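Fold and contact review
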Amino acid sequence: MAHVDLRVDGIRNSVAVDDRTTLADCLRDHLGCTAVYLGCEQGVCGACTVLLDEVPVRSCLMLAAQATDHNVTTLAGLGRLDPAGTAALQSAFESEHAVQCGFCTPGMILVARTTLRENPSAGESAIRDAIHGNLCRCTGYQQIIEAVQAAGRLMSHSDDAPAADHPVADGGATDDDGGATDDDDVTEGSAAQ
Amino acid sequence: MTSTDSTPALRVVGTRRPTRESHRLVRGGGKYVQDIHPAGMLHTAMVRSPHPHARIVRIDTSEAERMPGVHAVLTGSAAAELAKPAFTLAAFHDPPLPIPLPALAVDKARYAGEAVAAVAAATRSQAEDAAARVVVTYDVLPIVATAADALAPGAPVLHEGLGSNLIMSRHYDFGPVGELFTAAAHVVRRRLRWPRQTGAPLDTFGCICDWESSGGLTVWSNLQSYALLWTLGDSLGIPPQSVRGLPCDIGGSFGGKFWLPRPILVCALLSRITGRPVRFVEDRVESLTAGESHGEDRSYDAELAVTADGHFLALRFAVVEDYGSAFVLGAINNTEPLAQATGPYDIKALGVDFTAVVTNKPPQAAYRGFGGAAHNFMMERMVDAAADELGIDRVDIRRRNLIPPEAFPYRTPTGNLYDSGQYPKALADVLEFAGYDRWRRRQDEARAQGRAIGIGVVTCQERSVQGASALWVMYDQNPARGSTSAESVTIRIDGQGHVRIALHTPSVGTPLETVAATVAAEELGVDPDEIAITFADSQLAGPGLGTTASRMTVMLAGAVHGAAENLIEQMRTIAADLLEADPSDLAWDAGRSAFTVLGVPNPTVPLARIAHRAYAEALALPDGSRTGLECTFSYNHPIYTMPEPDGSSWGVFCPIVGHSAHVTVVEVDVETGQIHFLDYAIVHDCGTVLNPDAVRGQLQGGIAQGIGSALSEVLEYTDGYLRQRDFRSYLVPTSIDIPAVRIKHLETPSPYTRYGVKGVGEGGRMAAPAAVISAIEDALRPWNVRIDAVPVTPEDVLHWTTSE
């Protein structure tokens with residue numbers, strides 16, 4: 001058994017799981033996370049993407065034990081981490097019809113947020129490249145890319161951005177989730193095919 | 001059947017608005033079958049045959065049963081004592097074809113990966129550990145690997161009752177086929193091959209069954225239709241009306257989740273045995289290898305009879321279809337394409353030679369188009385071939401043969417109608433929209449520099465909304481006398497005048513809620529964002545075929561319109577009383593959501609006022625009205641006729657036909673074999689566009705899958721073993737593989753549907769492969785390449801450009 005102590009969407013969790021339990025299964029089955037989906041369990045599709053200390057990772061390729069003492073953010077907690085960015089992305093994904101079945105959407109939004117943070121004026125080809133590790137079978141990607149661009153524009157006018165839409169967490173931490181870890185930690189890129 | 005000429009200007013239909021579904025999904029609110037956990041739920045792991053063809057001699061479950069967390073182990077033979085095989089369309093054949101589909105394989109495994117036993121345990125890992133301890137003794141049999149193997153003399157027989165591996169064969173001559181071929185100046189001949197592919201949605205199939213001690217069954221699943229659920233009771237020996245299927249969010253389907261009875265029967269039986277809810281969710285490898293969701297798998301020997309100046313006289317082809325180890329949806333993947341068999345061209349005769357065989361592969365399901373992608377590919381390859389052989393430009397030859405606009409409604413050789421279209425305009429518009437002439441100049445300049453740019457132009461049909469006979473017309477008779485293809489919806493106006501809609505078919509990620517809200521707002525004048533929409537379960541649901549075959553826009557629009565019309569008539573009686581006028585003197589003003597006296601704009605009686613009377617003022621209700629305002633409306637396919645008994649005509653079985661013209665510009669890197677898209681422009685006609693962004697999403701997404709079909713997706717078998725078993729080898733396109741498709745809409749309304757809408761869901765995939773292949777072939781003209789199959793991989797390109 002592995003004893004895993006990690007903060008998820010701002011809530012501190014302490015849970016005992018089998019050693020072999022993936023972070024994805026821990027989040028979904030033990031911690032009640034509803035915005036982490038399993039599409040391949042091999043690290044190809046990106047549907048299981050979460051932020052580990054603000055870096056996108058494939059949670060199906062991590063063991064839960066590896067996340068001990070780290071901060072995990074799923075789409076459900078992104079609004080707490082980044083109210084303006086989340087509101088902009090959610091608004092843009094809706095207005096640009098970047099969502100059909102919704103299965104890839106959490107991963108797409110988490111990767112998009114990361115991309116826009118690094119490069120707020122990211123253009124089409126930079127966004128296209130950034131999301132190429134997230135498969136979508138419904139949209140053909142174009143409206144997703146346009147939504148991310150639209151979100152970037154919304155965020156650059158951040159004074160006018162819509163209010164965040166997320167529940168306030170009870171209890172849990174009031175401190176920051178900490179800065180991003182170094183790029184050479186587990187990242188979405190290292191888990192790419 | 002209102003033509004749009006008499007429809008007042010639309011206020012909601014056609015406006016650009018976000019889809020309702022997005023709001024919940026961008027907040028991570030999607031709840032898919034893998035997210036459903038009833039209390040006490042057990043997990044299922046399947047025991048699967050490692051052999052493509054083998055007799056099951058013995059199954060020893062004793063060790064597995066003793067393992068921690070295991071509640072039950074079910075073998076095929078035990079399941080067969082508890083449940084009959086699932087209903088399939090093989091049963092509609094007369095006599096029913098002896099190709100059973102039991103919950104688990106009983107006597108033989110007929111494909112590598114077929115489930116032969118199942119374990120229910122407290123956790124998924126416990127179930128998998130126990131499944132690995134089930135000991136199955138097989139007697140390995142020789143493999144029927146290909147369609148050719150299936151038909152070879154002395155071939156091993158998969159289904160003893162069938163006697164051979166031939167499921168059925170049919171020959172049709174619609175029109176004077178033979179004469180036209182004999183008289184033709186030239187006959188173009190090609191052999192074309194279309195391999196297995198699959199929708200591969202990110203959300204694999206799953207189900208949870210809860211067997212009620214009182215004898216009913218609750219099923220959660222991501223099936224895209226309730227139709228299967230209505231047959232489960234018979235299989236399980238319980239009253240069919242006691243089966244209750246609950247929908248959930250579906251993360252895509254593309255046809256694969258239409259009819260998947262086997263895991264549901266397994267879970268139902270395990271629930272019956274254990275007294276717990278039991279869940280099964282495929283993992284990705286299971287989904288690809290054993291999900292029974294593969295698409296069409298065929299070869300065409302095709303001939304096109306043409307005149308010397310390139311007019312098409314007749315088309316005939318022999319198609320051999322490898323249906324895999326069972327015949328679940330019957331011949332539907334060959335029937336549906338014949339709704340548009342001659343494409344958008346004025347071809348007077350069609351000959352079809354159809355052969356269906358079983359092999360040791362998973363049984364086919366459907367993949368976005370029901371065979372239409374393969375058929376359009378064949379048609380457009382034949383047209384390009386005719387152009388090349390006659391020395392006519394590929395665009396010109398299409399111009400010479402497109403059905404002219406005055407010919408509609410156009411009767412095709414099979415008897416089906418094309419409802420409406422402007423094919424020459426679509427072609428002219430796309431050439432201009434794409435900048436075709438400029439691309440040709442750039443192609444010439446590029447060639448001079450040694451670069452291979454190619455332009456593909458295709459004009460394709462996108463049939464939608466099939467009628468009932470698509471399920472059985474190739475069987476020649478209709479034992480169920482089935483002629484209904486309907487869709488149902490329930491609308492209630494509550495006591496405060498709020499509209500509540502219950503949809504009777506699940507969405508697969510398609511904007512059904514948006515369609516329903518749009519139409520209800522159009523007809524009733526309410527704010528579409530204030531309409532409450534839910535999904536009825538299968539026990540309550542009315543007639544419907546499901547989200548399939550691009551039918552829901554047409555059928556749901558018709559159903560919602562019908563229910564709204566009915567509600568307006570219910571309200572009329574009350575309104576007339578309030579206005580002290582005769583009901584026939586009243587007009588419903590949708591824009592103001594109110595009744596007035598005809599020609600007298602005020603006073604109005606608004607919907608909310610009428611609703612209050614209907615719900616709260618029983619003593620004030622006039623004669624002819626009742627408490628409440630609700631309607632469940634079942635909308636029938638708007639134009640459908642039965643086939644002729646003598647087989648000379650299939651009747652009108654799929655007449656709502658969209659159309660698109662694609663111009664695809666690629667550059668082929670002849671050193672790496674890679675294909676780069678330089679441009680992709682289409683003119684698309686699905687009649688009236690109900691929601692522009694949603695239509696664009698279906699087209700961009702469908703074309704993306706079509707590009708995958710053309711360039712990277714294939715399910716190849718070697719001696720009965722699938723080589724592409726996960727996403728590392730079944731290559732679905734990523735964002736860097738797909739261009740931004742430029743779309744221009746041409747709206748030629750259907751004269752038969754509400755608002756003139758046509759289906760669009762499958763369209764992109766049905767045309768894109770032909771366009772992409774045509775472009776690659778054009779790019780490789782200097783190497784004299786003829787492309788007769790998909791996918792075209794970099795290895796293929798290098799083979800063509802570097803071989804001696």
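Throughout what follows, the structure given in this document is the object of discussion. (Residues numbered from 1 in each chain as written. Chains lettered and ligands numbered in written order. Predicted model: local features only at pLDDT ≥ 70, side-chain atom pairs only at ≥ 80, totals over all residues. Heavy atoms only, no water.)

Helix and strand content of chain B: 20 helices and 30 strands. Since a compact globule built from 804 residues should have a radius of gyration of about 28 Å, the 27 Å found for chain B is in line with a globular shape. Based on the C-alpha atoms only, the size of chain B along its principal axes is roughly 90 × 75 × 55 Å. Looking at chain B residue by residue over its 804 residues, the buried ones come to 65%. As presented, chain B carries roughly 26,900 Å² of accessible surface, and 51% of it is formed by carbon and sulfur atoms. (Helix = DSSP H or I, 4+ residues; strand = E, 2+ residues; numbered from the N terminus. Rg over C-alpha atoms; globule rule 2.2 N^0.38 Å. Buried < 20%, exposed > 50% of the residue type's maximum accessible area, 1.4 Å probe, protein only. Areas by Shrake-Rupley, 256 points an atom, 1.4 Å probe, with all protein chains shown as cover.)

This part is about the sheet that holds strand β12 (residues 278-281) of chain B. Sheet strands line up and pair through hydrogen bonds in the backbone, either parallel or antiparallel. Residues and elements named next belong to chain B. Pairing within the open sheet is mixed, and its seven strands lie in the order β3-β5-β1-β12-β9-β10-β11. Bordering the open sheet on either side are β3 (70-75) and β11 (243-246), each of which pairs with just one other strand. Across the sheet, the mean angle from the axis of one strand to that of its neighbour is 25 degrees, orientation sign disregarded. Sheet analysis places β3 next to strand β5 (residues 115-121), joined by five bridges and oriented antiparallel. What sits directly across from Leu74, in β5, is Ala118. Running over the sheet, helix α4 (residues 124-131) touches β1 (42-48), β3 and β5 and is turned about 25 degrees from β1. (Pairing = 2+ DSSP bridges. Axes fitted to C-alpha atoms, helices over the stretch in contact; angles between N-to-C directions. Contact = heavy atoms within 4.5 Å.)

Below, the discussion takes up the nonpolar core. Counting residues in each nonpolar core, the largest one holds 221 residues, and the members touching the most others are A:Phe93, B:Leu236, B:Leu304, B:Phe317, B:Phe327, B:Tyr680 and B:Ile776. With 10 residues, the single largest contributor to this core is helix α11 (residues 372-390) of chain B. Excluding residues that lie within four positions of it along the chain, B:Ile776 makes contacts with B:Val666, B:Val668, B:Ile675, B:Leu711, B:Ile787 and B:Val792. (Core = buried A, V, L, I, M, F, W, Y, C linked by side-chain atoms within 4.5 Å.)

Tallied over the full model, the rule gives 18 aromatic pairs over all chains. Measuring from centroid to centroid gives 4.9 Å for A:Phe103 and B:Tyr32, while their planes differ by 70 degrees, and the two rings are edge-to-face. Taken as a pair, A:Phe103 in the loop between α3 (83-95) and α4 (105-118) and B:Tyr32 in the loop between α1 (20-25) and β1 lie in two separate chains rather than in one. Overall, the relative accessible area of 0% leaves A:Phe103 in the buried class. The interplanar angle of 80 degrees and the centroid separation of 5.5 Å between the aromatic rings of B:Tyr300 and B:Phe317 together place this pair among those described as edge-to-face. Of this pair, B:Tyr300 sits in strand β13 (residues 298-306) while B:Phe317 sits in strand β14 (residues 312-322), placing them 17 residues apart in sequence. You can call B:Tyr300 buried: its relative accessible area is 2%. Taken together, the aromatic side chains of B:Phe87, B:Phe92, B:Phe258 and B:Trp259 make up a single cluster linked through ring pairs. Seen from the ring of B:Trp439, B:Arg438 lies directly overhead, with NZ or CZ sitting 5.7 Å from the centre. Residue placement shows B:Arg742 over the ring face of B:Phe433; its charged tip is 4.7 Å from the ring centre. (Phe/Tyr/Trp six-rings, centres within 6.5 Å; stacked < 30°, edge-to-face > 60°. Lys NZ or Arg CZ within 6 Å of the ring centre and 35° of its normal.)

This brings us to the interface of chain A and chain B. Residue-level contacts link 44 residues of chain A with 56 residues of chain B. When the two sides are added together, the surface that chain A and chain B hide from each other amounts to roughly 4,100 Å², 51% of it contributed by carbon and sulfur. Among the residues of chain A in contact with chain B, A:Glu94, A:Phe103 and A:Arg137 are the three that bury the most area, contributing 20% of the side total. The tally of links between chain A and chain B comes to seven salt bridges. The closest approach of N and O atoms between A:Arg28 and B:Asp35, which form a salt bridge, is 2.8 Å. Here chain A and chain B share 28 residue pairs in polar contact (both at pLDDT 80 or more) between them. When residues of the side of chain A that touches chain B are assigned to their parent elements, the largest contribution, four residues, is made by α3(A). In the side of chain A that touches chain B, the residues fall into 17 nonpolar, 15 polar and 12 charged. (Buried area = accessible area lost by both parts, 1.4 Å probe. Salt bridge = Lys/Arg side-chain N within 4 Å of Asp/Glu carboxyl O. Polar contact = N/O pair within 3.5 Å; in protein donor to acceptor, adjacent residues only side chain to side chain. Nonpolar A, V, L, I, M, F, W, Y, C, P; charged D, E, K, R; others polar.)

One side chain can pair with another of opposite charge once the charged atoms of both are near each other. A full pass over the atoms with the stated rule returns 66 salt bridges over all chains. Here the salt bridges share partners, and the residues they tie into one network are B:Glu380, B:Arg381, B:Asp384, B:Asp388, B:Arg394, B:Arg398, B:Arg440, B:Glu777, B:Asp778 and B:Arg781.

Once that is clear, we can look at the sheet that holds strand β4 (residues 55-58) of chain A. Residues and elements named next belong to chain A. The strand order across the open sheet built from five strands is β2-β1-β5-β3-β4, with neighbouring strands paired in mixed fashion. On the outer flanks of this sheet lie β2 (11-17) and β4, each paired with one strand and no other. Across the sheet, the mean angle separating the axes of adjacent strands is 40 degrees when strand polarity is ignored. Of the pairings in the sheet, the one linking strand β3 (residues 49-52) to β4 comprises four bridges and is antiparallel in character. Pairing of Leu51 across the sheet is with Pro56, part of β4. Sitting on the sheet, helix α1 (residues 23-30) is in contact with β1 (2-8), β2, β3 and β5 (71-73), with an inclination near 105 degrees to β2. This element, α4, spans β3, β4 and β5 of the sheet and lies at about 40 degrees to β3.

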